[in-house]
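# Summary of structural features
What follows is each chain in one-letter form.
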Number of protein chains: 2
Amino acid sequence: MLEMQLNGGVCTPKGFRGAGVKAGIKASGNHDLALLASDVPARCFGVFTLNQVKAAPVLYDQEVLSRSDRISAVLVNSGNANACTGPDGWADAKRMAQVAESALGLGKDSVLVCSTGIIGRKLPIEKIEVAVPAVHEALSHEGSEAFARAIMTTDTKMKTLGAVLTTSEGEIRIGGACKGSGMIHPNMATMLAYITTDIELPPTFRPEFKAWVNESFNAISVDGDMSTNDTCILLANGASGISYHNLSLSEQGEFRRAIESVMLELALMIVRDGEGATRMVEIRVEKATSKDDARKIGRFVCTSNLVKTAMFGQDPNWGRILSSAGSAGGELIADRTDLFFEDVQVLRGGRPLDVDYTRLREVVARKEYRITLVLNMGDSSASSYTCDLSYDYVKINAEYTT
Amino acid sequence: MLEMQLNGGVCTPKGFRGAGVKAGIKASGNHDLALLASDVPARCFGVFTLNQVKAAPVLYDQEVLSRSDRISAVLVNSGNANACTGPDGWADAKRMAQVAESALGLGKDSVLVCSTGIIGRKLPIEKIEVAVPAVHEALSHEGSEAFARAIMTTDTKMKTLGAVLTTSEGEIRIGGACKGSGMIHPNMATMLAYITTDIELPPTFRPEFKAWVNESFNAISVDGDMSTNDTCILLANGASGISYHNLSLSEQGEFRRAIESVMLELALMIVRDGEGATRMVEIRVEKATSKDDARKIGRFVCTSNLVKTAMFGQDPNWGRILSSAGSAGGELIADRTDLFFEDVQVLRGGRPLDVDYTRLREVVARKEYRITLVLNMGDSSASSYTCDLSYDYVKINAEYTT
């Protein structure tokens, strides 16, 4: 049985403590330094941006994880991305980790670091050095919210979630926090996500974790740009005393679905908080030749300005969806394609049907709805998620000034 | 010597006649049926949309051109795209060609057809049948403007251009007309372009023509979507009495540059007339590993909403440009990359320079300017062109209703 806890977060699983303080990095004076620590070293998996312009903390974490998969803490600052900062950037990322390792009494390669905020400005490392003792002091098993608040940049809402899965071996807890504002925003930067669990996971879970990221945080890269700092980290500390291997096969499946649900819910919080967004739409591509094709087509439709402005205008404009899908580069034959807005079918075999436009307009007026494109080419499916493109998106992004 | 003629068009070259009439296809009652005819069969090259959802006239023209490369006329309707119209669509496209062939007293496979407008509605073929005699009657050597007007949909300006190249063999004339409104607009559809010349061209020019299309109309596919109807057609009728083979090597080069210039100027007219556009920006990528990489990176930057909203906001936001370039998938190493706004350098080797922001803000306030990204990876370059993303873009596309 899975119970979601909206007031939960990264500290919902046993043995995790979190904190967030004001280090003076953000001009606004808001919370900007967050620490997440596990009482015992946790098995760690990381997925990082594929952008060829990678921020220093991304490069640092990748190097640490190439040497060790046991991590005890993650130190995150907001307000400065430590990206495009040259050799100083690397030194500052390393120094962040060292300061945290020292405060926590840990050895080398025990702490990962993340940064999010303005690109191209030197990290104020001395402010972080001064604040680390305070954030260490503030660590608490009730620190989910403090952690989630301190990683925010343009987010208008905190994004945090917990879950408890009851199994025959006992309770397994899952928690998470993320930041990001729908449209990845390279100057205020980045999607960051942290998932915790108190199960013991084997190192062979790496490909599964990547698959979960693909179905959640990577299914919402709604404007096609990857930031220089995008990071998703999973920490599994085993503090529940339950090992994945001891679960029955069906309970293993339940656990996998549970962690996937937590990650997807967190990802959807980002879409709902998209810059200027007034609605969220799932683009479901079914019966594609391959999973890759289903994703490619869904994500292409999700990034089409023509599709996204039509969503804002509450216009059931199927022509834009079909045309965008056709230019995505996946296998698609127009004459085989069916298209639905929720349960209202508008195209069969690529030809428009006589549609009840009253029902159709009721669907596109909803805050959240699903568009399903059935390709009838194969048996693979994928969902992608997008928000609409509104006046406010242009306003937020045009009026932000470097 | 090349002389551009802003009042010229598809009828600038000898032996071409054009016309445009009102056939009643557009609800607005504006001109919507255009005919372009060559006095003698012209060598024809066509480049068509790569969208997997192709409109019936695209499929029809591709089939005709697979059988014959001599074409005498092109009949174009606006107001209806004849796309997603099933078997009726093909029959209607074929009927359009037959009616024109019959009116012009020509045989099978002599006429190409194009359609642009609303997707998914049956073409009102009977209205076209009725209007063909009128458009045929109206054909005139002064018909450049009438032709260019009748192919417009959401365009706010007519797009037409002529050029005269003086060679040792005599004058060669080049003309063109196109339609499209910056952001390709699948429901009112499509970029259409027609280039005419009175030189005699060999059939071996096909790859060159594709290259010219890549450097012009394909360099402005600014929102990443290809429409179902995109078409670019070149007709070379030899009416000047000059054959390409008789030109000196240097004059052949002049001719190639001339036709490329005409096509680029027409393409830029589309960007300038972009929906809601307030400025046009060239993204120049230099010293890339390959031409493909230079194009891929330039076009990716050109479609970034974050970059385009920054242009609208007159914000010299180099972080968004570098981050977008890094996620394009071409080879790029941040630490090697230089970035310029016109002649103002903002990045050297991936690191921000101390910049005179007054000069920088003067550049981004211009109606047209160039951003140059020097990758220092190889020796290939490419230019791509985009317009900004404004409130009006959202307004135009959100308020249009199917």
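Residues numbered from 1 in each chain as written. Chains lettered and ligands numbered in written order. Predicted model: local features only at pLDDT ≥ 70, side-chain atom pairs only at ≥ 80, totals over all residues. Heavy atoms only, no water.

### Quick look at the sheet that holds strand β10 (residues 280-288) of chain B
Through backbone hydrogen bonds, the strands of a sheet pair up, either in parallel or in antiparallel fashion. Residue and element names in this part refer to chain B. Strand order in this open sheet of six strands is β13-β12-β11-β14-β10-β15, and the pairing throughout is mixed. Each having just a single partner strand, β13 (351-352) and β15 (380-387) make up the two edges of the open sheet. Relative to the sheet, helix α6 (residues 249-272) contacts β10, β14 (368-374) and β15, its axis offset from that of β15 by approximately 40 degrees. Running at roughly 110 degrees to strand β12 (residues 344-348), helix α10 (residues 357-364) makes contact with β11 (338-341), β12 and β14 of the sheet. (Pairing = 2+ DSSP bridges. Helix = DSSP H or I, 4+ residues; strand = E, 2+ residues; numbered from the N terminus. Contact = heavy atoms within 4.5 Å. Axes fitted to C-alpha atoms, helices over the stretch in contact; angles between N-to-C directions.)

### A word on the interface of chain A and chain B
The interface is formed by 61 residues belonging to chain A together with 61 residues belonging to chain B. Both faces considered, chain A and chain B share a buried interface measuring about 4700 Å² in area, 54% of it formed by carbon and sulfur atoms. The largest contributions to the chain A side of the interface with chain B come from Gln-52, Leu-306 and Tyr-391 of chain A, which together make up 13% of the buried area. The interface formed by chain A and chain B holds one salt bridge in total. Across the pair Arg-351 of chain A and Asp-88 of chain B runs a salt bridge whose closest N-O atoms are separated by 3.9 Å. (Buried area = accessible area lost by both parts, 1.4 Å probe. Salt bridge = Lys/Arg side-chain N within 4 Å of Asp/Glu carboxyl O.)

### Thoughts on the relation of the copies chain A and chain B
At an RMSD of 0.1 Å, chain A and chain B line up after a rotation of 180 degrees and a shift of 0.0 Å along the axis. Taken together, the turn and the small shift mark the pair as related by a two-fold rotation axis. It is Tyr-391 of chain A whose C-alpha, among those of chain A, lies nearest the rotation axis, at 2.8 Å. (Least-squares fit on C-alpha atoms with pLDDT ≥ 70 in both.)

### Details of the state of the cysteines
Working definition: the covalent bond between the sulfur atoms of two cysteines is a disulfide. All names here are of chain A. Across all of its chains, the model carries zero disulfides over all chains by this definition. Of all cysteine sulfurs, the one in Cys-232 lies closest to Cys-178, which takes part in no disulfide; the gap is 8.8 Å. With no disulfide partner, Cys-387 has as its closest neighbouring cysteine sulfur the one in Cys-302, 9.3 Å distant. (Disulfide = S-S within 2.5 Å.)

### What to know about the packing of helix α1 (residues 56-67) of chain A against helix α2 (residues 86-104) of chain A
All names here are of chain A. Remark: α1 packs on α2, axes separated minimally by 8 Å, with the N-to-C direction vectors making an angle of 60 degrees. Relative to α2, α1 is oriented oblique. Classified by chirality, the crossing of α2 by α1 is right-handed. Here Ala-56, Pro-57, Leu-59, Tyr-60 and Glu-63 of α1 lie close against α2, whose contacting residues are Gly-89, Trp-90, Ala-93, Lys-94 and Ala-97. Of the residues assigned to the contact of α1 with α2, the class counts are seven nonpolar, one polar and two charged. (Parallel < 35°, antiparallel > 145°, perpendicular 65-115°, else oblique. Left-handed = near helix turned anticlockwise from the far one by under 90°. Nonpolar A, V, L, I, M, F, W, Y, C, P; charged D, E, K, R; others polar.)

### A word on the domain arrangement of chain A
Residues and elements named next belong to chain A. In terms of domain boundaries, chain A breaks down into domain 1 (2-272) and domain 2 (280-399). Taking only C-alpha atoms, the centre of domain 1 and the centre of domain 2 are 32 Å apart. Contact with domain 1, which involves 15 residues of that partner, is made by 16 residues of domain 2. In total, about 1300 Å² of surface goes out of reach between domain 1 and domain 2, with carbon and sulfur atoms giving 58% of it. Connecting domain 1 to domain 2 are three salt bridges. Two residues, Glu-215 and Arg-295, come together in a salt bridge whose shortest N-O distance is 3.0 Å. Run the count over domain 1 and domain 2 and you get six residue pairs in polar contact (both at pLDDT 80 or more). (Domains from an automatic or database assignment. Polar contact = N/O pair within 3.5 Å; in protein donor to acceptor, adjacent residues only side chain to side chain.)

### What to know about the pairing of strand β12 (residues 344-348) of chain A
Here is the key point about a regular strand: its side chains alternate between the two faces of the sheet. All names here are of chain A. Burial runs high along β12: four of the five residues are buried. Pairing of strand β11 (residues 338-341) with β12, which is carried by three bridges, proceeds in the antiparallel orientation. Its bridge partner being in β12, Leu-339 is matched across the sheet by Leu-347. Of the pairings in the sheet, the one linking β12 to strand β13 (residues 351-352) comprises two bridges and is antiparallel in character. Directly across from Leu-347, in β13, lies its bridge partner Pro-352. (Buried < 20%, exposed > 50% of the residue type's maximum accessible area, 1.4 Å probe, protein only.)

### Quick look at the packing of aromatic side chains
Ring pairs (aromatic) are described by centroid distance and by the angle formed between their planes. A complete count under the given rule lists 14 aromatic pairs over all chains for this structure. Taking the centre distance of 5.3 Å and the plane angle of 85 degrees together, the rings of Phe-147 of chain A and Tyr-194 of chain A count as edge-to-face. Taken as a pair, Phe-147 of chain A in helix α4 (residues 144-150) and Tyr-194 of chain A in strand β8 (residues 192-197) lie far apart in primary sequence, 47 residues in all. Here Phe-147 of chain A and Tyr-194 of chain A have matching classes, each one buried. When the ring of Phe-205 of chain B is compared with that of Tyr-244 of chain B, the centres are 4.5 Å apart and the planes differ by 90 degrees; the resulting orientation is edge-to-face. Linking Phe-205 of chain B in the loop between β8 (192-197) and α5 (206-215) with Tyr-244 of chain B in the loop between β9 (231-236) and α6, this pair joins segments that are 39 residues apart in sequence. (Phe/Tyr/Trp six-rings, centres within 6.5 Å; stacked < 30°, edge-to-face > 60°.)

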